[in-house]
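Chain residues, written in single-letter form:
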Amino acid sequence: MNKKVDVRELLSEELPSDSRHARQMVRRQLIAETVIAEGSIRIEDLTERFGISLMTAHRDVDELVSRGLFRKTRGIVSAAPTSLIESSDVYRATRQAAEKRAIARTAMNFVEPGQAIFLDDATTVHQMATMLPAKVPLTVITNSLVLINDLKDINDLNLVCLGGQFYNWCNAFMGHVTTSQIRKLRADTVFMSLSAVIDDATYHQSPETIEVKRAMFDSASKRILLSDHTKFDRRALHRFAGLEEFDTVIVDEDTPIEHLSRLRSKGINVVVAEAE
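Now for a description of the structure that goes with this document.

About the thresholds
- Residues numbered from 1 in each chain as written.
- Predicted model: local features only at pLDDT ≥ 70, side-chain atom pairs only at ≥ 80, totals over all residues.
- Heavy atoms only, no water.
- Helix = DSSP H or I, 4+ residues; strand = E, 2+ residues; numbered from the N terminus.
- Areas by Shrake-Rupley, 256 points an atom, 1.4 Å probe, with all protein chains shown as cover.
- Pairing = 2+ DSSP bridges.
- Axes fitted to C-alpha atoms, helices over the stretch in contact; angles between N-to-C directions.
- Salt bridge = Lys/Arg side-chain N within 4 Å of Asp/Glu carboxyl O.
- Buried < 20%, exposed > 50% of the residue type's maximum accessible area, 1.4 Å probe, protein only.
- Phe/Tyr/Trp six-rings, centres within 6.5 Å; stacked < 30°, edge-to-face > 60°.
- Lys NZ or Arg CZ within 6 Å of the ring centre and 35° of its normal.

Describing the overall build of the protein chain
For step 1, the next point in the chain: Each helix and strand counted, the protein chain has 12 helices and 15 strands in total.
For step 2, the next point in the chain: When the accessible surface of the protein chain is split by element, carbon and sulfur atoms take 48% of a total near 13,300 Å².

The structure is reproduced here in structure tokens:
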């Protein structure tokens, strides 16, 4: 029999960053998963389930509603029928965290001092942020507001912030203004991740995201894909690029051997990141 997880006990445990924001992100992700699993739930029930005040529950729900994930009507929150649920940074932030850290550590082997690099808004790429100070001086170009906030105070790191239309659900800037700025730049390497790998090609749910990633892809000399094993089991609508178009594909140790063998037989440069 599976042991029932006490959410309040989980949230009281010390998180790696030991920060109020990290706890808030974990709680909101748990709320998101609960609503997605049940379809709809009374906000008052969330207060009991998560051991939080009614005000906090409304604040968490309002944030998730603002990102297009849910609808809130007369004290009931329900899942919105949208593919943005999988894309939301709230939903993605704590998924496969250990695998993402391992992949990010391996990605740092492809960063050299003095380079200019593109970092997209993917949560796997975000894991590289704490590791970048060891590689300065660097120029980092990004559309991610989360990365901008994390990197802005690093000495000897030249931060180029891409503007444009702000998309709340992914905490990033996208659209015509963003892609126009990218196309005027040239970088040594782009590090990116996508939602799914289907038939050895990458896919994403959001066409706006695809456009920004494509601009970065075309403006970089080297292309590095960061992809944990779950991406091989997911589906997404919009095709981005075949795996053979990337210079390197970094995966984690849980990636099935049949995938690794197939990709390598096609001449795709696959690197397996070692776990912590």
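What about the sheet that holds strand E11 (residues 201-204)?
For step 1, the next point in the chain: The strand order across the open sheet formed by three strands is E10-E11-E13, and the pairing between neighbours is antiparallel. Single-partner strands in this sheet number two, and they are strand E10 (196-198) and strand E13 (238-242). Direction aside, the axes of adjacent strands within the sheet are offset by 35 degrees on average.
For step 2, the next point in the chain: Note: E10 against E11, three bridges, orientation antiparallel. By the bridge assignment for E11, Val197 is matched with Thr202.

Observations regarding the pattern of salt bridges
For step 1, the next point in the chain: By the definition in use, this model includes 10 salt bridges.
For step 2, the next point in the chain: As a salt-bridge pair, Lys72 and Asp62 come within 2.7 Å of each other at their nearest N and O atoms. Taken together, the residues span a long stretch of sequence, with Lys72 in strand E2 (residues 70-73) and Asp62 in helix H4 (residues 54-66) at a distance of 10 residues.
For step 3, the next point in the chain: When its relative accessible area of 32% is taken as the criterion, Lys72 is described as partly exposed.

Re the packing of aromatic side chains
For step 1, the next point in the chain: Taken as a whole and judged by the stated rule, the model has four aromatic pairs.
For step 2, the next point in the chain: The interplanar angle of 90 degrees and the centroid separation of 5.4 Å between the aromatic rings of Phe217 and Phe240 together place this pair among those described as edge-to-face. Residue Phe217 is located in helix H11 (residues 207-218), and its partner Phe240 is located in strand E13; the two are separated by 23 residues in the primary sequence.
For step 3, the next point in the chain: Judged by its relative accessible area of 2%, Phe217 falls in the buried class.
For step 4, the next point in the chain: Among the aromatic residues, those joined into a ring-pair cluster are Phe217, Phe240 and Phe246.
For step 5, the next point in the chain: Across from the ring centre of Phe240, 4.6 Å away, lies the NZ or CZ of Arg214, which sits over that ring.
For step 6, the next point in the chain: Cation over ring: Arg223 sits above Phe217, and NZ or CZ is 4.1 Å from the ring centre.

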